[in-house]
Amino acid sequence: VPTVFHVIHDGKDGEKYAYAENPRYIEDQIKVMNLAFRGKEGMFPKYYRNDSERSYPGYKEEDSDTRIQFCLQETTQTNNRRYYDDDREFEMKRDLRVGGM
């Protein structure tokens, strides 16, 4: 799945998370998403001592592999106080949307 990361910040402090400044920050996020969607064992802590305590005991961790893989297509950087404060969510999503449906 081609994935676009939008780094939204309010001033200089948030710029440290922009791809140009810190590519590993975003690359690590892609890695975590891929591990989670591929159902990799050990990705999440064990909350149950045995299968009988699970809400769906018939499912095993390895069965949760969705075969979905994310790849970084693009990153954007936006310095906008209203977007950062979540004051204009609809406007932000409309303005920053890239491709897709």
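Conventions used here
- Residues numbered from 1 in each chain as written.
- Predicted model: local features only at pLDDT ≥ 70, side-chain atom pairs only at ≥ 80, totals over all residues.
- Heavy atoms only, no water.
- Phe/Tyr/Trp six-rings, centres within 6.5 Å; stacked < 30°, edge-to-face > 60°.
- Helix = DSSP H or I, 4+ residues; strand = E, 2+ residues; numbered from the N terminus.
- Buried < 20%, exposed > 50% of the residue type's maximum accessible area, 1.4 Å probe, protein only.
- Salt bridge = Lys/Arg side-chain N within 4 Å of Asp/Glu carboxyl O.

1. Some words on the packing of aromatic side chains
In step 1: Within this structure, the stated rule accounts for one aromatic pair.
In step 2: Seen in terms of ring centroids, F37 and F70 are 5.0 Å apart; in terms of plane orientation they differ by 75 degrees. Their pairing is edge-to-face. With F37 in helix α1 (residues 23-37) and F70 in the loop between α1 and β2 (71-79), this residue pair connects regions lying 33 residues apart in the sequence.
In step 3: Among the residues examined, F70 registers a relative accessible area of 13% and is labelled buried.

2. Quick look at the pattern of salt bridges
In step 1: Scanning all chains against the criterion turns up eight salt bridges.
In step 2: With a closest N to O distance of 4.0 Å, K31 and D28 form a salt bridge. Residue K31 and its partner D28 are located together in helix α1, separated by three residues, close to a single helical turn.
In step 3: Judged by relative accessible area, which is 51%, K31 ranks as exposed.
In step 4: Here R38 and D65 are joined by a salt bridge, their closest N and O atoms 2.6 Å apart.

3. Quick look at unusual backbone geometry
In step 1: Located in the positive-phi region is R67, a residue other than glycine, with phi close to 60 degrees.
In step 2: By the secondary structure assignment, R67 is in the loop between α1 and β2.
In step 3: Owing to a relative accessible area of 67%, R67 belongs among the exposed residues under this scheme.
In step 4: Positive phi values are uncommon outside glycine, yet D86 reaches one of about 60 degrees.
In step 5: Structurally, D86 is set in the loop between α2 (81-84) and α3 (89-96).

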